[in-house]
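A look at the structure
Okay, here's what each chain looks like letter by letter:
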Amino acid sequence: MPAAVVPTVRIQREDFDVAAEIARLTQGRADIGAVVTFSGLCRDEQGALSALELEHYPGMAEAEISRIATEAVQRWPLQGLTAIHRHGRIAPGDNIVLVVAASAHRQAAFEAANFLMDYLKSRAPFWKKEHRADGSEGGWVEAKEADARAAQRWKPSE
């Protein structure tokens, strides 16, 4: 029986290298047939945004994301799963989040990556504050109803 997959979860201020993270997950592995990645970037909102500031509770964010990543490796036959979420002040065009899901087959990798991103967009304990290009603070970004609806599809049917 294969060893249980332990997901990698990192919350960090510094940027990440997508190719290096894929290589880290797949190096020396002949059992992986599919790698699905999602990288989320900071948008400039048509030039109105100078930065997005992401805050979190250290320890709590890692624990919550680890919990949902562990659920993903229990639900799908994965060979690896990595989730990286940045915090701090992030400029438009810079990386915010990365999910890398590896499996023998593409469907499991796609579904696990979607599952984890739906969670990160709707329920991960991060708070986003906009900094406007005109120097003003844009306030805290509210969660989008569409993200919450997307996450509902993963709930077990009752």
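Residues numbered from 1 in each chain as written. Predicted model: local features only at pLDDT ≥ 70, side-chain atom pairs only at ≥ 80, totals over all residues. Heavy atoms only, no water.

1. A closer look at unusual backbone geometry
As a reminder of what qualifies: Note on classification: 1.4 Å probe, protein chains only; a residue is buried when its accessible area is under 20% of the maximum for its type, exposed when over 50%, partly exposed between these limits. A run of H or I in DSSP becomes a helix once it reaches four residues, and a run of E becomes a strand once it reaches two; helices and strands are each numbered from the N terminus.
Look at glutamate 45: it is not a glycine, yet its phi comes out positive at around 50°. Here glutamate 45 falls in the partly exposed class, since its relative accessible area comes to 30%. Although it is not a glycine, glutamine 46 adopts a positive phi angle of roughly 55°. Along the chain, glutamine 46 falls in the loop between strand E2 (34-41) and strand E3 (49-56).

2. Digging into the packing of helix H2 (residues 60-75) against helix H3 (residues 106-122)
Just so we agree on the cut-off: Think of each axis as a best-fit line through the C-alpha atoms, taken over the contacting stretch in the case of a helix, with angles from 0 to 180 degrees between the N-to-C directions. Any angle that is under 35 degrees is reported as roughly parallel, and any over 145 degrees as roughly antiparallel; angles of 65 to 115 degrees are reported as roughly perpendicular and all others as oblique. The sense of a crossing depends on the near helix, which, turned anticlockwise from the far helix by less than a right angle, makes the crossing left-handed and, turned clockwise, makes it right-handed. We call two residues in contact whenever any of their non-hydrogen atoms come within 4.5 Å of each other. Residues are grouped as follows: Ala, Val, Leu, Ile, Met, Phe, Trp, Tyr, Cys and Pro are nonpolar; Asp, Glu, Lys and Arg are charged; every other residue, Gly included, is polar.
It is the contact of H2 with H3, at a shortest axis distance of 10 Å, that shows an interaxial angle of 155°. On the basis of their axis angle, the class for H2 and H3 is roughly antiparallel. As for the relative orientation of H2 and H3, their crossing is right-handed in sense. Contacts between H2 and H3 pair Glu64, Ile65, Arg67, Ile68, Ala69, Glu71, Ala72 and Arg75 from the former with Phe115, Leu116, Tyr119 and Leu120 from the latter. Here the residues of the contact of H2 with H3 are counted per class, giving 8 nonpolar, no polar and 4 charged.

3. Thoughts on the pairing of strand E4 (residues 78-86)
Note the following rule: For two strands to be treated as a pair, DSSP must find no fewer than two bridges joining them.
Counting buried positions over the 9 residues of E4 gives 9, a clear majority of the element. The pairing of strand E1 (residues 8-12) with E4 spans 5 bridges and is classified as parallel. Of the residues in E4, the one forming a bridge with threonine 8 is threonine 82. Strand direction decides the pairing type here: E4 and strand E6 (residues 95-103), joined by 7 bridges, are antiparallel. Paired with leucine 81 across the strands is alanine 101, a residue of E6.

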